[in-house]
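Each chain is listed here by its residues.
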Amino acid sequence: MTHDMQGFFFPRTATGRSSLIPAPPWSYSGDLLTVEYRTDPARVAELLPAPLELAPEDPGAVALIWADWQSCSSSREELLDPVRSQYKECFVVVRCSFEGQTYSRCVYIWVDKDFAIARGIHQGYPKKLGSMWQTRPMAFPHASPQLAPGGAFGATLAAGDRRLADAVLTLTGPSDTNGFVNGHPMAHHRVYPDIAGHGDAYAELIESGGAEFEGGQAWQGDVELNLYDSPTEELSRLSVEEIIGGYYRQVGVVWNGGRTLARLSTD
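All figures in this text were calculated on a predicted structure; none of them were measured in a lab.

Turning our attention to the layout of surface pockets. If you add up the space inside the largest pocket, you get close to 780 Å³. Lining the largest pocket are 32 residues, with Phe91, Tyr125, Asn182, Phe213 and Val253 positioned closest to its centre. When residues of the lining of the largest pocket are traced back to their parent elements, those giving at least two are β1 (26-38), β3 (61-73), β4 (86-98), β11 (200-215) and β13 (242-263). Classifying every residue of the lining of the largest pocket by side-chain character gives 18 nonpolar, 10 polar and four charged. Of the volumes computed, that of the second largest pocket is approximately 420 Å³. Together, 15 residues line the second largest pocket, and Ile121, His122, Arg190, Val191 and Tyr192 are the ones closest to its centre. Elements represented by at least two residues in the lining of the second largest pocket include exactly α2 (114-123) and β10 (186-193). Counting residues per element, the lining of the second largest pocket draws most heavily on β10, which supplies four residues.

Below, the structure is given as structure tokens:
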């Protein structure tokens, strides 16, 4: 006797209830703390596999972004079981070029929930487990900074028992932008290694982005950023040569798929 397996992702079962993630669309609401800086463009280039190339303008620009998310599927049932909807992440974005168009690309990312890793596998994000913390704005100032001049926000990133980065952002005023590095469609590689470890059994370059987006008032400020060495991470190779800016913004976004830019050789 055989059964049709249900579920968008593993584990697939007869009912599908155990599947780690539901099918898209996926909705997100959260707070973003963004630090943009410049590094050696050669360090960015070494993170761009073929057929991607460096962006023609400001090729060494990097965005390090902390995000405190609440997310759900179209049923919104996860919002009533918060352990399934709330998570934190920190990700590193650079810009690149493909066939004359500029894209954003996530080159490192850490999350603190398994369902976020599973979504990343589907989307082409290189997600790993980590520990991320960031100061939360609240309506009342008793134990919270305000989204106003003088509000100070801290953020930390650790993985493998070692701190990788920390930042302090002190708001100076409203901003017309939340930065520019993460402002393009994403260009990601989706890969599935060969079972014997000889190359990839499946590989494609895809484009994706928000199907819907809303953003609150962006805030800019003075920012301090430190990166730290680790034997199992390479974030510190993207060393800080010049701070571009720091930003804070509350956003809502819907992700609902993408398109293939190129099928890649698996030879």
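Still more ground to cover, so stick around.
Let us look at the environment of Arg17. Here Arg17 lies in the segment before β1. Sequence separation of Arg17 and Gln6 is 11 residues, and the distance between their C-alpha atoms is 8.1 Å.

Conventions we followed
Residues numbered from 1 in each chain as written. Predicted model: local features only at pLDDT ≥ 70, side-chain atom pairs only at ≥ 80, totals over all residues. Heavy atoms only, no water. 1 Å grid on protein atoms, 1.4 Å probe; cavity = no way out; pocket = protein on both sides within 12 Å on 5 of 7 lines; lining within 4 Å. Points joined across faces, edges and corners; volume = space filled by probe spheres on them. Helix = DSSP H or I, 4+ residues; strand = E, 2+ residues; numbered from the N terminus. Nonpolar A, V, L, I, M, F, W, Y, C, P; charged D, E, K, R; others polar.

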